[in-house]
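Observations on the three-dimensional arrangement
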Amino acid sequence: MRLARVIVVVVLAALASVYVIAGAPIALAVLGVQVLYLLKVRTWWLLAVQAVLVYTATVAGGVSTGILGFLAGALLLTRAHRDTARVLAPFVVASAALIDAARGGATADATITVVLISLVVFGLTRLVERAGEMHAARLSLAAAAVATERLRLAAELNDGLGRSLEVIVEGGRRALAEPDGAAEALASVTATARAALTDARAASANYRATSLAPELVTARAMLDAAGIAVEVRVGHTEPLGPGGALLASVLREAVTDVVRRGSARLCVIETSEQGDEQGDEQGATETSGQRDRPASDRPGNDRPRNDRPGSTEASEQRDKPGNTVRLRVVDDGHRTADSPDFAGLPLEEAGGTLVAGLSPDGRFVVEATVLRGPSPAAVPGGEGTGDAGAPVSPAGGWRRRLLPRLTHESSYAVSVAVLAAVLVGFSVKALLQIPGALVIPATACLAVIVVMQLRSVDGRHMVALGVMAVLTYAPLPVFGPVWLGVAGFLAGPVLLAFPWRAAWPMTAVIVGGVAVAGMLFGLPAPVLANSTVSALVTGLVVYALLRLAQIVKELQAARESLARSAIVEERLRAARDLHDLLGHSLAAILLTGELARRLKCPPERIEEIVAMAESARADLRSVSGEQRELSLAAEVESARTVLSAAGIRVTVEPAELDLPAEVETVLGAVLREAVTNVLRHSEARHCAITMRAGESGLLLRVRNDGVRPGERRRGSSGIGNLTTRLAALDGRLTAHVDGDRFTLDACVPHRAPVPARIR
């Protein structure tokens, strides 16, 4: 926001300098008052000071009445007694016309000048304020997006899993109340638990499918644990839609293959996006992933990019989702072209591509692309979709636009409207001095220039700049000195379109051209100086309006991007909790129900089922966004009970530690997942749960026998969930198989930082 204020101060100073050069140093005091208004120091006494200054300058000092525009703009900005202030603003404009008429001047021109300056003062100041408000509101928008998503998740989960848990509780209680029908009731409970567990896993996979972030975290952790250097370059925006699940599967298989081979020293993982709009209009800008890629890894489709830091093209490319998302995994550990096993991944059926093989420099490259799917959730207060509301043509490409698209965000609409009003005002001032026979062609030329200027809001358009340059200089012999002011229209977009090191010399050439042309026309020195300075001031005004319109647009995109990211994070949290918490509870209910049926329905087992179902209800509330802390001691006892019920001998070596609630919750989730894996993926006879405090932190180890030989699961999200949870606490998760024994280690530093949350 500091940059926006600097831009406005420079423009106001340029406006005031016109009057200082004309011999009115009092304009410096007028500028000082206006800067105070920019800083939101707005009182009636300050307005009175401004009124005294400008009327003294015009009435007593003979200064041009245009300086009254500063007072009119200040009145429009006043919030206290706003209606009264805005009624007074037209009277200021009228007084300027009367003063100029009394002097025998051009009343229409003076009136337009006052209106233009007031619009510039009002428009620039309000744009800075609105940009500040949007920047300040970004976190509240993200919080609102999360709250909306939590309500949606709660309604969705309660309709399905909530009802299933109610059925389980009611069935268990009926089995206790009616022993004769206990077997039938338990059969219904078991069937319901099995269906609910399937639904929970499907919902978890669905929530994870829109994001690639968890798999990137897991991949980094796996490669780090294997001693392989890893570079991760993220160049995509989320959510991804259904294609995210396919890319996650490709990444998981590729990284697993790199770790299994064990010969790689470096693995580079990068994502990028490609769209059609940039290619249609100016050649797409590279994403951050492409920009950092070694030249030997790039396919032959490098594209030009604007090298100006902070340029609109670069920022829009970052914030605006493309149509295609690409994942590349490159490693130096392959000696042959043997590819990982990607069988069963339906990328081609989903409209994507998958290529794997050795590159010319001997590195193994896996590259997958998918089409971006529809966004799963709307952003409150935004354009409505995760794709930033971008209009898409029936053919799937971005629509080309002659003028900038006016969004539903009022700040951006106001910025473009003020820009259009100022451009039209400057054009009318020029037309008032054009001979009658040339008004129509001059109007046509100015109309084209105004349209080209408005296009500049969307970024650099070289064709538009070329058209404006031709219309700035070619009509000079026809329209004469009056046309010199049009050079300011060209200077503004030039300042916006090029890096400063090129823009300022070009602007100097444009302004110098005005001076040279004025001398060729034989203009008097005062008129020549006024024309030259006015061209520079006009250029600065146009640049400021264009740049602030872009800043507002970029802030809008940034806060919507933040809200989308917050929604994705909330969905990932729900996915983790569904899998780790509710999935564990439902698996335990299913196991206990089947055991109770084999044991002829003992009441104590049925009571356990009811208690587990009640606990699962609490888990469901946690998944829906009501944060629930887990007790590690309680989870250890629960693990002992569940494993013992399955006939597995359990040994526990607990450690008496005073752990933060966040650490207990994460380790409790790790233990739940570990126990679930023991039950689902092994034929264990013994399981050891150990907790130790060492120099590196607290270690939780779960070790079991009975690993099934050759079993390999695709698409498991449990390890990824736990890796993400532990990474938030600077912890690490490792897992390895030794013969028929499986060991899962979770280590958390002693002083684990508390992860930030949006509440």
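Helices and strands together make up the secondary structure of the protein chain, namely 24 helices and 10 strands. Counting contacts in the protein chain only where the partners sit at least 6 residues apart, residues at least 24 apart contribute 76% of the total.

This part covers the environment of V93. Along the chain, V93 turns up in helix α5 (residues 82–103). The exposure class assigned to V93 is buried, which follows from its relative accessible area of 15%. The spacing of V93 and V114 is 21 residues in sequence and 6.2 Å in space, taken between C-alpha atoms. Ignoring sequence-local partners within four residues, the contact set of V93 consists of T111, V114 and V115.

Direction vectors running N to C along helix α9 (residues 213–225) and helix α10 (residues 243–261) enclose 0°, while the axes themselves pass 10 Å from each other. Considering their axes alone, α9 and α10 lie roughly parallel with respect to each other. Every residue of α10 that contacts α9 at E215, L216, A219, M222 and L223 is listed here: A248, L251, R252, V255, T256, V258 and V259. Of the residues assigned to the contact of α9 with α10, the class counts are 9 nonpolar, 1 polar and 2 charged.

Pairing in this open sheet of 5 strands is mixed, and the strands run β1-β2-β3-β5-β4 from one edge to the other. In the strand order of this sheet, the two ends are held by β1 (229–233) and β4 (353–358), each with one partner. Adjacent strand axes in the sheet meet at a mean angle of 10° when their direction is disregarded. When β4 meets strand β5 (residues 364–371), the two strands line up antiparallel, connected through 6 bridges. The residue of β5 that forms the bridge with A356 is V366.

At a minimum axis distance of 11 Å, the contact between helix α15 (residues 439–455) and helix α18 (residues 487–497) shows a crossing angle of 15°. In terms of axis orientation, α15 runs roughly parallel to α18. The interaxial crossing formed by α15 with α18 has left-handed handedness. Residue-level inspection shows L446, I449 and Q453 of α15 in contact with α18, the latter providing F489, L490 and P493. The residue inventory of the contact of α15 with α18, partitioned by class, reads 5 nonpolar, 1 polar and no charged.

Let's shift gears to the pairing of strand β8 (residues 697–704). Working note: regular strand, side chains alternate between the two faces of the sheet. Where strand β7 (residues 686–694) and β8 come together, 8 bridges link them in antiparallel fashion. Each bridged residue has a counterpart across the sheet, and for A693 the counterpart in β8 is L698. Connecting the antiparallel pair β7 and β8 is a turn made up of 2 residues. With 7 bridges joining them, β8 and strand β10 (residues 741–748) adopt antiparallel strand pairing. Looking at the pairing, L700 lines up with A746 of β10.

A few words on the sheet that holds β7. The sheet built from 5 strands is open, its strands ordered β6-β7-β8-β10-β9 with mixed pairing. The open sheet is flanked by β6 (649–653) and β9 (732–738), the only strands paired with a single partner. Strand after strand, the sheet turns through a mean of 10° between neighbouring axes, direction not considered. Packed on one face of the sheet, helix α22 (residues 632–645) meets β6 and β7 and runs near 160° to β6.

Moving on, we get to the nonpolar core. Ranked by internal contacts, the top residues of the largest apolar core, which has 98 residues, are Y19, F70, W483 and V541. The contact partners of F70, leaving out residues within four places of it in the chain, are L12, L15, A16, Y19, V30, Q34, Q50, I117 and V121. By size, the runner-up hydrophobic cluster in this structure holds 63 residues, among which are L586, V675, M691 and V702.

Let us now look at helix α4 (residues 68–77). With respect to burial, α4 is a largely interior element, 9 of its 10 residues being buried. Of all the residues in α4, the buried ones are L68, G69, F70, L71, A72, G73, A74, L75 and L77.

Next up on the list: the environment of V30. Looking at where V30 falls in the secondary structure, it is placed in helix α2 (residues 26–38). Overall, V30 belongs to the buried group, its relative accessible area being 1%. Setting aside anything within four residues of it in sequence, one finds V30 in contact with Q50, L53, V54, I67 and F70.

There is a patch of nonpolar side chains on the surface, built from W44, V87, L88 and F91 and spanning about 390 Å² of accessible area. Position of W44 relative to the elements: it lies in helix α3 (residues 44–60).

What follows is about unusual backbone geometry. The phi dihedral of D730 falls on the positive side, at around 65°, and the residue is not glycine. Position of D730 relative to the elements: it lies in the loop between α24 (718–727) and β9.

Across its 13 residues, α2 extends 19 Å between first and last C-alpha, which sits within 8% of the 18 Å expected from 1.5 Å per residue. Among the residues of α2, A27, V30, L31, V33, Q34, Y37 and L38 are the ones counted as buried. Take α2 and look down its axis: the buried residues cluster within an arc of 160°, on one side only. Remark: K40 follows α2 within two positions and exhibits a positive phi of approximately 70°.

Following the criterion strictly, the structure yields 4 aromatic pairs and no others. Ring centres 5.9 Å apart and planes at 20° place the aromatic pair W500 and W504 in the stacked group. Of this pair, W500 and W504 both sit in helix α19 (residues 500–521), 4 residues apart, which is roughly one turn of that helix. Here the aromatic rings of W500 and Y543 are separated by 5.8 Å at their centres, their planes lie at 70°, and the arrangement is edge-to-face.

Going through the model one piece at a time under the given rule, you end up with 17 salt bridges. Linking R685 and D705 is a salt bridge whose minimum nitrogen-to-oxygen distance equals 3.8 Å. Of this pair, R685 sits in the loop between α23 (661–681) and β7 while D705 sits in the loop between β8 and α24; the two residues are 20 residues apart in sequence, bridging distant segments of the chain. Taken together, the salt bridges that share partners define one network made up of E231, R233, E270, R326, R328 and E367.

On to the confidence of the model for the protein chain. Averaged over all residues, the pLDDT of the protein chain equals 76, while 77% of them reach at least 70. Predicted confidence for residues 276–321 stays below pLDDT 50, and this span has 110 contacts to residues more than four positions away or in other chains.

Our next topic: the side chain of K429. Summarising the element assignment, K429 is placed in helix α14 (residues 410–431). Among the polar contacts made by the side chain of K429, one reaches the side chain of T113 at a distance of 2.8 Å. With residues near it in sequence (within four places) discarded, K429 still touches D109, I112, T113 and L116.

Before going further, it helps to examine the pairing of β7. Bridging between β6 and β7 involves 5 bridges; their strand directions are parallel. Looking at the pairing, T651 lines up with A688 of β7.

With that settled, the discussion passes to the environment of V652. Relative to the elements of secondary structure, V652 occurs in strand β6. For V652, a relative accessible area of 18% translates into the label buried. Sequence separation of V652 and T690 is 38 residues, and the distance between their C-alpha atoms is 5.9 Å. Beyond its immediate chain neighbours, meaning those up to four positions away, V652 contacts V636, R640 and I689.

Reading the values: the criteria
- Residues numbered from 1 in each chain as written.
- Predicted model: local features only at pLDDT ≥ 70, side-chain atom pairs only at ≥ 80, totals over all residues.
- Heavy atoms only, no water.
- Helix = DSSP H or I, 4+ residues; strand = E, 2+ residues; numbered from the N terminus.
- Contact = heavy atoms within 4.5 Å.
- Buried < 20%, exposed > 50% of the residue type's maximum accessible area, 1.4 Å probe, protein only.
- Axes fitted to C-alpha atoms, helices over the stretch in contact; angles between N-to-C directions.
- Parallel < 35°, antiparallel > 145°, perpendicular 65-115°, else oblique.
- Nonpolar A, V, L, I, M, F, W, Y, C, P; charged D, E, K, R; others polar.
- Pairing = 2+ DSSP bridges.
- Left-handed = near helix turned anticlockwise from the far one by under 90°.
- Core = buried A, V, L, I, M, F, W, Y, C linked by side-chain atoms within 4.5 Å.
- Patch = residues over 30% accessible without salt bridge, like charges linked within 9 Å, V, L, I, M, F, W, Y side chains within 5 Å.
- Areas by Shrake-Rupley, 256 points an atom, 1.4 Å probe, with all protein chains shown as cover.
- Salt bridge = Lys/Arg side-chain N within 4 Å of Asp/Glu carboxyl O.
- Expected span 1.5 Å × (residues − 1).
- Arc of directions from axis to C-beta.
- Phe/Tyr/Trp six-rings, centres within 6.5 Å; stacked < 30°, edge-to-face > 60°.
- pLDDT = per-residue confidence, 0-100.
- Polar contact = N/O pair within 3.5 Å; in protein donor to acceptor, adjacent residues only side chain to side chain.

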